[in-house]
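# Structural characterization, general
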Amino acid sequence: MAVLSFVEVSQGKIKKASVEAAYYGSKVAEGLGTDSVVVVLGAASADELATLGTVGVKKVLHAADARFNNFDSKAFTKAVSEAANVAGATVVVLSFNQNGKLLAPRLSVRLKAAYVPGAVELPEFNGASATVKKNVFSGKASASYQLNTEKKVIAVNPNSLSPVRGAGAAEVEAFAPTLADADFSSVVKGADLIVGEIPLSEAELVVSAGRGLKGPENWGPIEELAKVLGAATACSRAVSDVDWRPHHEHVGQTGLTVRPNLYIAVGISGAIQHLAGVNGSKVIVVVNTDPEAPFFKAADYGIVGDAAVVVPKLIEEFKKLKAAH
Amino acid sequence: MKILVPIAKVPDTTSKIAFTDNNTKFSPDGVTFIMNPTDEWYALVRAIELKEKQGGEVVVIHVGLADSEQIIRKALAIGADRAVRVDADPTDAYFVAAQIANHAKSENYDLIIAGKETIDYNSYEVGGMVAEMLDLPCVALVQKLEIENGVATITREIEGGTETVEIKLPLVICAQKELAEARIPNMKGIMGARTKPLEVVTADATEKLTVITGYHLPEKAKECKYVSPDNVGELVRLLHEEAKVV
Ligand SMILES: Cc1cc2nc3c(=O)[nH]c(=O)nc-3n(C[C@H](O)[C@H](O)[C@H](O)COP(=O)(O)OP(=O)(O)OC[C@H]3O[C@@H](n4cnc5c(N)ncnc54)[C@H](O)[C@@H]3O)c2cc1C
Ligand SMILES: Nc1ncnc2c1ncn2[C@@H]1O[C@H](COP(=O)(O)O)[C@@H](O)[C@H]1O
């Protein structure tokens, strides 16, 4: 028996969301009294992979095959399910990130394993079955999913638990899944990455603004505030719809879902569709001129005031804080 | 080109969420049900656009009970050619995916375009499951889709940006925003939808892999702590010392 976690490496580094998945896998393994094993597909240095030992991983199955350097859901599914069989895994853990959201349901079918998408807590085992909580109705409630099959697949929501690092190095073992060239169906033509910015989906701090800013020319202070904090920037759909801000910044029901430690919302009313994408944030700060703005009901801290006045003051105060620490 | 679009029925986002039977069942009382927005705005419209350009047929499939007829007719009004309803309560993604895959096996689709997720269970499951059941390639979080000579050029979301890939048909796509511009059905579409074929089929016996054993509502509303705009330093202090997030 074992717990297998799927880990992705990007630009030589293990993705943050994958560290969380591996840590989650180790915690599940600990609970079951078995080993935490990881599978990595594509180029990665053995030194980097060994660091997974600090989150409780015992062994890394590494398939260095260059065909895995680009994501292909069909080929990856075959390879990860083979790893699950090699490791004798009864639970497979992935991050509920871009690739995991597709790989996990495919694995569920291939392994005939019950699957919970977007787990927010560790599973509770009761004999052969497990119960896992996930958010439903765009964060307005959560539900307990019972998984009754022998094998189980869990995709864990990014930022749901903070890995605690210990000492130790994972043993890295070569892994050669049997795949034909025909299993790789997609050809990657290129990527378009927003460089120099913190990817919103991974950010721990987010500064977001909406129509209350009145026009795209007023975003300077928002960007500066984000820079001072080392935060990513986001926006409401109302402003990306009119091209004040790029579409990839839009959060909410029809945009990205974020779960940062801190979400600062400036000049955003807090419509239910917006909240759906941000209400998993640990701490929410709202700055709005209207004391009746619905966002205050979802906020931990609020300032009733004008963005043009409050944001420059925030920049100044955060600069002071950074200087003092 | 023959395209299948699976459509789901969901509560409107503004619905009040309540549960009954000791918090084990979702209460549909007073809830307005709509076609899942991603399916309606992006998956269906892109399928129709491709058909308009290259010819072919757009079929919508829905796993659900008779009370879903309205959303199916809406899909026909927007421009789908015909519809299939699998008569069963969709309580498990594996079950739903199996129904869609079984239907797809009996017809030769070049393309299946699902939505990325439903707005009620937010599970991102069905598209990928259908692909695996049919042993087809699949790309999720798709923002752009062009098809030429049997090859799809697809732009999908990745961390911090997008990636463009080429894949030969047939394949499964999970659509998201930017793939198309939503269409509102016009009078001609609405009239025409009444006479378009809607076939109702019985469900195949398939096991369900998961069971929802209970729902939980957030414990209590948050208490917002207000800080004066004249004392912004106090907010920064609270974030540092009390919330410990900066
Ligand atoms: C099906 C559907 C899906 C949707 N999906 C999304 C989604 O994913 N994400 C999303 O964001 N929206 C979404 N929306 C839109 C959503 O309903 C709101 O319309 C939108 O979020 C409003 O954006 P806003 O808060 O920036 O603008 P507004 O609602 O116009 O709010 C502006 C706010 O700024 C405040 N303000 C004004 N001046 C100042 C000032 N000087 N300083 C500080 N505050 C000021 C105002 O008091 C007001 O509260 C969706 C809508 C529908 C119907
Ligand atoms: N009951 C259903 N009938 C038909 N298609 C569905 C159904 N449920 C989900 N889908 C499709 O699967 C997609 C993803 O849904 P989900 O995996 O449930 O988040 C949706 O956007 C639809 O395209």
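Model, not experiment: these values are computed from the prediction.

Rules used in this analysis
Per-chain numbering applies: the sequence of each chain, read as written, is numbered from 1 onward. Each chain gets a letter, beginning with A, and each ligand a number, beginning with 1, in the order they are written. In keeping with the predicted nature of the model, local features appear solely for residues at pLDDT of at least 70, side-chain atom pairs appear and are counted solely at 80 or more, and the whole-chain, interface and lining totals rest on all residues. Here the side-chain values reflect all heavy atoms present in the structure, with hydrogen atoms and water set aside. In these notes, residues near a molecule or strand are those with any non-hydrogen atom within 4 Å of it. In the analysis that follows, any N or O atom pair within 3.5 Å is treated as a polar contact, provided that within protein one partner can donate a hydrogen and the other can accept it, and provided that, for residues neighboring in sequence, both atoms belong to side chains. Per-residue and other accessible areas follow the Shrake-Rupley method at a 1.4 Å probe size, with only the shown protein chains counted as cover for residues. With a 1 Å grid spanning the protein atoms alone, the term cavity applies to any set of points in which a 1.4 Å probe fits but cannot get out, the term pocket to an open set with protein on both sides within 12 Å along at least five of seven lines, and the term lining residue to any residue with an atom within 4 Å of a point. Whether a molecule lies in a cavity or pocket depends on its atoms, and more than half of them have to be within 2 Å of the grid points. The way it works is that DSSP assigns letters per residue, a run of H or I at least four long becomes a helix, a run of E at least two long becomes a strand, and they are numbered from the N terminus. Under the scheme applied, nonpolar residues are Ala, Val, Leu, Ile, Met, Phe, Trp, Tyr, Cys and Pro; charged residues are Asp, Glu, Lys and Arg; polar residues are all the others, including Gly. Should DSSP find at least two bridges between two strands, the strands are taken to pair. Here an angle of 0 to 180 degrees is reported between the N-to-C directions of two axes, which are lines fitted to C-alpha atoms, with helices fitted over the stretch in contact. Geometric relationships in this document are graded by angle, where less than 35 degrees denotes roughly parallel, more than 145 denotes roughly antiparallel, 65 to 115 denotes roughly perpendicular, and other angles denote oblique. Take the far helix as your reference; a near helix turned counterclockwise from it by less than a right angle gives a left-handed crossing, and one turned clockwise gives a right-handed crossing. Pairs of residues are marked as contacts when any of their non-hydrogen atoms sit within 4.5 Å. Here, nonpolar core means buried Ala, Val, Leu, Ile, Met, Phe, Trp, Tyr and Cys residues that are tied together by side-chain atoms lying within 4.5 Å of each other. The rule is simple: take the accessible area with a 1.4 Å probe, protein chains only, and divide by the maximum for that residue type; under 20% is buried, over 50% is exposed, in between is partly exposed. Taking the helix axis as origin, the arc is that swept by the directions to the C-beta atoms.

Residue and element names in this part refer to chain B. Around ligand 2, the structure places 20 residues, and the nearest of them are Pro6, Asp39, Thr118, Glu125 and Val126. For ligand 2, an oxygen atom lies 2.7 Å from a polar atom in the backbone of Pro6. Relative to its free-state accessible area of 480 Å², ligand 2 is covered by the protein chains to the extent of 95%. At a threshold of 2 Å from the grid points, most atoms of ligand 2 map onto the second largest pocket. Of all the elements, strand β6 (residues 57-64) adds the most residues to the shell around ligand 2, at 3 residues. A breakdown of the residues in the shell around ligand 2 according to their chemical character gives 11 nonpolar, 5 polar and 4 charged.

Before going further, it helps to spend a moment on the sheet that holds strand β7 (residues 82-87) of chain B. Strand order across the open sheet formed by 10 strands is β13(A)-β11(B)-β10(B)-β9(B)-β12(B)-β8(B)-β1(B)-β6(B)-β7(B)-β13(B), with mixed pairing between neighbours. Bordering the open sheet on either side are β13 (186-193) of chain A together with β13 (198-202) of chain B, each of which pairs with just one other strand. Recorded for the sheet is a direction-independent mean angle of 30° between the axes of neighbouring strands. Judged from the 6 bridges that link them, β6 of chain B and β7 of chain B form a sheet pairing that is parallel.

Here we take up the packing of helix α3 (residues 93-106) of chain B against helix α4 (residues 126-133) of chain B. Residue and element names in this part refer to chain B. Packing of α3 against α4 leaves a shortest axis separation of 8 Å and a crossing angle of 50°. Viewed along their axes, α3 and α4 adopt a mutual orientation that is oblique. The interaxial crossing formed by α3 with α4 has right-handed handedness. Contacts between α3 and α4 involve Ala93, Tyr94, Val96, Ala97, Ala98, Ile100, Ala101 and Lys105 from the first element and Val126, Met129, Val130 and Met133 from the second. In the contact of α3 with α4, the residues fall into 11 nonpolar, no polar and 1 charged.

Residues Tyr24, Val39, Leu41, Leu52, Val80 and Val153 of chain A are the most contacted members of the largest nonpolar core, which totals 104 residues. When residues in this core are grouped by element, the largest group, 9 residues, is from α3 of chain B. Ile48, Ile154, Leu169 and Ala180 of chain B belong to the second-largest nonpolar core, a separate cluster that totals 38 residues.

Turning our attention to helix α6 (residues 232-241) of chain B. Burial in α6 of chain B covers these residues: Val232, Leu235, Val236, Leu238 and Leu239 of chain B. The buried residues of α6 of chain B occupy one face: seen down the axis, they fall within an arc of 160°. On its buried face, α6 of chain B sits against β16 (262-266), β17 (283-288), β18 (301-304) and α8 (307-324) of chain A together with β15 (225-226) of chain B.

One open sheet accounts for 6 strands, arranged β15(A)-β14(A)-β16(A)-β17(A)-β18(A)-β15(B); its pairing is parallel. Here the strands that pair on one side only, and so sit at the sheet edges, are β15 (232-235) of chain A together with β15 of chain B. Here β17 of chain A pairs with β18 of chain A via 4 bridges, running parallel. Looking across to β18 of chain A, one finds that Val285 of chain A is bridged to Tyr301 of chain A. Where helix α5 (residues 220-229) of chain A meets the sheet, it contacts β14 (205-209), β15 and β16 of chain A, and its direction lies at approximately 175° from that of β14 of chain A.

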